[in-house]
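Single-letter residue listing:
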Amino acid sequence: MKTRTYNNTLLSRIILVMIAFALLLSTVIISLSARQAHAAPTIEVTTFAGTASTVGYVDGPASSAQFNYPHDIAFDAAGTMYVVDTSNNRIRAISPSGVVSTFAGSGVAGGADGVGTAAEFSSPHSIAINPTTGIMYVTEASLEPSNHTPRVRAITPTGVVTTLAGSGVPGLADGTGTAAQFFFPTGIAVNANTGMIYVADSYAHSIRAITPAGVVTTIAGFDDILDVAAAPNGGYADGTGTAARFSYPQGIDVGGDGMIYVAEFGGHRIRTVTPTGVVTTIAGNGVAGYADGTGTAAQFNSPTGVVVDPSGTIYIADSFNNRIRAITPAGVVTTIAGTGTAGSVNGAGEVAQFNAPTGIVLNSAGDLFITDTYNQLIRQITINTPTPTGDSDSGGAAIPGAPNAGSGAQLNTLAVLAITGVLLALITLVMSRKRSMYRGK
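Fair warning: this is a prediction, and the values are worked out from it, not measured in the lab.

Some remarks on the overall build of the protein
And step 1. Along its length, the protein carries three helices and 30 strands.
And step 2. In the protein, which comprises 441 residues, the share counted as buried stands at 52%.
And step 3. Of the contacts made within the protein by residues no fewer than 6 positions apart, 47% connect residues no fewer than 24 positions apart.
And step 4. Accessible surface computed for the protein: about 18300 Å², of which carbon and sulfur atoms make up 60%.

Right, dumping it as structure tokens:
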């Protein structure tokens, strides 16, 4: 009897130790799995070029260069960055080694074509580069009544500036070359596969298309100046072609699939437009504010810049929120950098500060670059994506601020096995005690 009691006690203790170990193991595994499944990339914001809060015009090393309200940026195939230096009426270049120079524009507001600094611009706004031909396209529009020159200019890699489209007189008319009219063209993008150029004609509340030969058509929004006169602030409606409505579209980009992405400054939304003009809202509820969330549950405050990466993640320069936002392919909006307070602080995403960021672009390495317009700076955001150890099914880049789908699948399986072990140990303990009670009777 004593031996049986001793054996039962020993068995019970062994089972209890097994249960405790299994519980501890499952807790650790589940914790590690959660960490892997929700590991967020680290964000680091730095200053790439410019002198903070200093308006000026200085070429030279990036750290001592000066800009005057830079609005947009683009990279060529060689890695040279081009900056639209709006109030200096120039296009600046920053070499891969970090040296700033003047590529085109005399600094005098005007509309003269020419080569390099012999050419003139009037408040150039945005830039896009065809990666195949190297030709740059620049929108320009000024609010100065004496020099309001809404046009789209083309610049060859050697600096030859010509007028691609636009008469220089505000209006809304399709046509070829200088027979066409724009009202206030802002964002511009190029479809790398077709060479088609897309323009956000902001004050016309429309999206325009331009062939490389300069033929202008309206693909969505207002197509008549009388519509603008009747609704000067535009409107809101998804739909096709002229049935769609915008309110001051500004930033624009083209994805690898040809989809056009639009940051709607006045409508506080992010919209998509197919090449055939079908307009859809993907994020933002139309009310100026700040809220992360999915689709129309999210809020923006005058977004100005948009860029989409190869995986379909969209990055937004949310100008009046002083933040950089991201949208997953599923429409989930998160904040990757910026406290919301205007400033020029560098550092991790959650402590960094911007002051009215406008243009945004990705380089070949996947880093983001932003024209931090009111700070007179070009900022860089480096996204360091953690790779979970032993995870072979993570598949694709992680999205800042969002769970890494697929991470930790193996750990979850182990956790289930550990919990199953706990249950089996408990069943064994109960059965052994029942047998002990039965034998003792």
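Side note on the packing of aromatic side chains
And step 1. Tallying each qualifying case throughout the model produces eight aromatic pairs.
And step 2. With a centroid separation of 5.2 Å and 70° between ring planes, the pair formed by Phe 75 and Phe 369 is classed as edge-to-face. A residue pair is termed long-range when its members are at least 10 positions apart, and Phe 75 in strand 3 (residues 70-75) and Phe 369 in strand 29 (residues 368-372) qualify at 294 residues.
And step 3. A residue is classified by how much of its surface remains accessible, and Phe 369, at 3% relative accessible area, is buried.
And step 4. Here the aromatic rings of Tyr 82 and Phe 103 are separated by 5.1 Å at their centres, their planes lie at 70°, and the arrangement is edge-to-face. Here the residue Tyr 82 occupies a position in strand 4 (residues 81-85), and Phe 103 occupies one in strand 6 (residues 99-104), the gap between them amounting to 21 residues.

Comments concerning the environment of Ala 298
And step 1. Within the secondary structure, Ala 298 sits in the loop between strand 22 (293-294) and strand 23 (303-308).
And step 2. Sequence-wise, Ala 298 and Val 333 are 35 residues apart; in three dimensions their C-alpha atoms are separated by 6.5 Å.
And step 3. Beyond its immediate stretch of four places on either side in the chain, Ala 298 contacts Gly 284, Asn 285, Ala 291, Asp 292, Gly 293 and Val 333.

Quick word on the nonpolar core
And step 1. Residues Tyr 315, Ile 324, Ile 336, Ala 337, Ile 360, Leu 368 and Ile 381 are the most contacted members of the largest nonpolar core, which totals 17 residues.
And step 2. Residue assignment for this core shows that the elements contributing at least two residues are strand 1 (42-49), strand 24 (314-318), strand 25 (323-327), strand 26 (332-337), strand 28 (357-362), strand 29 and strand 30 (377-384).

Comments concerning unusual backbone geometry
Most peptide bonds adopt trans geometry, and most residues besides glycine take a negative phi value.
And step 1. Phi angles above zero are rare outside glycine, and His 268 is one such case at about 55°.
And step 2. Phi at Asn 322 is positive, roughly 55°, even though this residue is not glycine.
And step 3. Positionally, Asn 322 belongs in the loop between strand 24 and strand 25.
And step 4. The class for Asn 322 is buried, based on a relative accessible area of 9%.

Digging into the environment of Ile 225
And step 1. Position of Ile 225 among the secondary structure elements: in helix 2 (residues 225-230).
And step 2. Note on Ile 225: relative accessible area 36%, which makes it partly exposed.
And step 3. Ignoring any residue separated from it by four or fewer positions in sequence, one finds Ile 225 in contact with Gly 171, Leu 172 and Phe 183.

As for the pattern of salt bridges
And step 1. By the definition in use, this model includes 12 salt bridges.
And step 2. Linking Arg 151 and Glu 140 is a salt bridge whose minimum nitrogen-to-oxygen distance equals 3.3 Å. Of this pair, Arg 151 sits in strand 10 (residues 151-155) while Glu 140 is found in strand 9 (residues 136-140), placing the two residues 11 residues apart along the sequence. Exposure class is identical for Arg 151 and Glu 140. Each is buried.
And step 3. Through salt bridges that share partners, Asp 113, Glu 140, Arg 151 and Arg 153 make up one connected network.

Here's the deal with the side chain of Ser 122
And step 1. Note on placement: Ser 122 falls in the loop between strand 7 (114-115) and strand 8 (124-129).
And step 2. A residue is classified by how much of its surface remains accessible, and Ser 122, at 1% relative accessible area, is buried.
And step 3. Apart from residues lying up to four places away in sequence, Ser 122 is in contact with Asn 89, Ala 109, Gly 110, Glu 140, Ala 141, Ser 142, Asn 147 and Thr 149.

Observations concerning the sheet that holds strand 12 (residues 175-176)
And step 1. If you walk across this open sheet you meet the five strands as 12-16-15-14-13, and the pairing is antiparallel. Pairing within the sheet leaves two strands with one partner each, and these edge strands are strand 12 and strand 13 (185-190).
And step 2. As defined by bridge partners, strand 12 adjoins strand 16 (residues 215-221) across two bridges and the pair is classed as antiparallel. Considered in strand 16, the bridge of Thr 176 is made with Val 215.

Digging into the pairing of strand 20 (residues 269-273)
For a regular strand, side-chain orientation follows a simple rule: the groups alternate between the two sheet faces.
And step 1. Counting buried positions over the five residues of strand 20 gives five, a clear majority of the element.
And step 2. On strand 20, burial covers both faces: Arg 269, Arg 271 and Val 273 on one face and Ile 270 and Thr 272 on the other are all buried.
And step 3. Pairing of strand 19 (residues 260-264) with strand 20 involves five bridges; the strand directions are antiparallel. Bridge pairing links Val 262 to Arg 271 in strand 20.
And step 4. What sits between strand 19 and strand 20 in their antiparallel hairpin is a turn of four residues, with His 268 showing a positive phi close to 55°.
And step 5. Pairing of strand 20 with strand 21 (residues 278-283) involves four bridges; the strand directions are antiparallel. Following the sheet pairing, Thr 272 is matched in strand 21 by Thr 280.

Definitions and cut-offs
Residues numbered from 1 in each chain as written. Predicted model: local features only at pLDDT ≥ 70, side-chain atom pairs only at ≥ 80, totals over all residues. Heavy atoms only, no water. Helix = DSSP H or I, 4+ residues; strand = E, 2+ residues; numbered from the N terminus. Buried < 20%, exposed > 50% of the residue type's maximum accessible area, 1.4 Å probe, protein only. Contact = heavy atoms within 4.5 Å. Areas by Shrake-Rupley, 256 points an atom, 1.4 Å probe, with all protein chains shown as cover. Phe/Tyr/Trp six-rings, centres within 6.5 Å; stacked < 30°, edge-to-face > 60°. Core = buried A, V, L, I, M, F, W, Y, C linked by side-chain atoms within 4.5 Å. Salt bridge = Lys/Arg side-chain N within 4 Å of Asp/Glu carboxyl O. Pairing = 2+ DSSP bridges.

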